[in-house]
Amino acid sequence: VKQNSGNILGIGEIGLEYHHFKKERERWKQIEVFEAFLNLAQSLNKPTVIHSREAGDLTVKLCEKYGVKTLMHCSLDPKLALAASTKGFTISVPTLKSSSKSKVIKNTPIEQLVCETDSPFLWKQGERNEPSNVAAAYGEVAQIKGIEFEEAAQQITLNAKVFYNI
């Protein structure tokens, strides 16, 4: 991996998924693997894209421990997004319409927001999501932040470029 580190923008999607994994031994194995990836990101000085479900406090704590630049993927948990954004993490919101996502957008500085589709998931009931639908998330950010669509799209694009150092 180290010999190819110049071709790598980031490490991810990595993290802790406790929703589907309830047994303690399953969770300990996840933590072990997660820390190995955080260590890799730290050693390569690469940002991380983090998946966290029902493990928010520990996820934030471990990312802080390794001091890695962090993007919280598909952030729909307002409490986790707030905790992460106060640590300087980037918060990614999906296209899915939800009141919790609206709270995440409202409580996160626009300079820390990016948008995603999480394709092929998180679109309208029964429909496949695709990358072009990210415009819906930009529109929601613009509406909630009280700015023009183009301003939101430009800032979010800049945030992604800064996060990935491109």
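Residues numbered from 1 in each chain as written. Predicted model: local features only at pLDDT ≥ 70, side-chain atom pairs only at ≥ 80, totals over all residues. Heavy atoms only, no water.

Looking now at the packing of helix H3 (residues 78-86) against helix H4 (residues 99-107). Where H3 meets H4, the closest approach of the two axes is 9 Å, and the angle between their N-to-C directions is 20°. Classified by the interaxial angle, the pair formed by H3 and H4 is roughly parallel. Taken as a pair, H3 and H4 cross one another with a handedness that is right-handed. Of the residues in H4, those touching H3 at Pro78, Ala81, Leu82 and Ser85 are Ser100, Lys103, Val104 and Asn107. The class makeup of the residues in the contact of H3 with H4 is four nonpolar, three polar and one charged. (Axes fitted to C-alpha atoms, helices over the stretch in contact; angles between N-to-C directions. Helix = DSSP H or I, 4+ residues; strand = E, 2+ residues; numbered from the N terminus. Parallel < 35°, antiparallel > 145°, perpendicular 65-115°, else oblique. Left-handed = near helix turned anticlockwise from the far one by under 90°. Contact = heavy atoms within 4.5 Å. Nonpolar A, V, L, I, M, F, W, Y, C, P; charged D, E, K, R; others polar.)

This part covers the pairing of strand S2 (residues 48-53). Across six bridges, strand S1 (residues 11-17) lies against S2 in parallel orientation. Paired with Glu17 across the bridge in S2 is Arg53. Pairing of S2 with strand S3 (residues 70-72) involves three bridges; the strand directions are parallel. Counted as the bridge partner of Ile50 is Met72 from S3. The β-α-β motif built from S2, the intervening helix H2 (residues 56-66) and the parallel element S3 has right-handed crossover chirality. (Pairing = 2+ DSSP bridges. Right-handed = clockwise from strand over helix to strand, strands pointing away.)

By the burial criterion, the buried members of H3 are Leu80, Ala81, Ala84 and Ser85. Along the axis of H3, the buried positions cluster into a sector of 125°, meaning they face one direction only. Opposite the packed face of H3, turned more than 90 degrees from it, sit the exposed residues Lys79 and Thr86. The inward-facing, buried residues of H3 abut S2, H2, S3, strand S4 (90-93) and H4. Taking the backbone nitrogen of Lys79 as reference, a side-chain oxygen 3.0 Å away marks Asp77 as the first, capping residue of H3. (Buried < 20%, exposed > 50% of the residue type's maximum accessible area, 1.4 Å probe, protein only. Arc of directions from axis to C-beta. Polar contact = N/O pair within 3.5 Å; in protein donor to acceptor, adjacent residues only side chain to side chain.)

A few words on the pattern of salt bridges. Counted according to the given criterion, the structure contains five salt bridges. Salt-bridge contacts for Glu32 lead to Lys29; the nearest nitrogen and oxygen are separated by 3.3 Å. Of this pair, Glu32 and Lys29 both sit in helix H1 (residues 24-44), separated by three residues, roughly a single helical turn. The salt bridge involving Glu140 is made with Lys101; its shortest N-O contact spans 2.6 Å. With Glu140 in helix H5 (residues 134-145) and Lys101 in helix H4, this residue pair connects regions lying 39 residues apart in the sequence. Given a relative accessible area of 6%, Glu140 falls into the buried group. Given a relative accessible area of 0%, Lys101 falls into the buried group. (Salt bridge = Lys/Arg side-chain N within 4 Å of Asp/Glu carboxyl O.)

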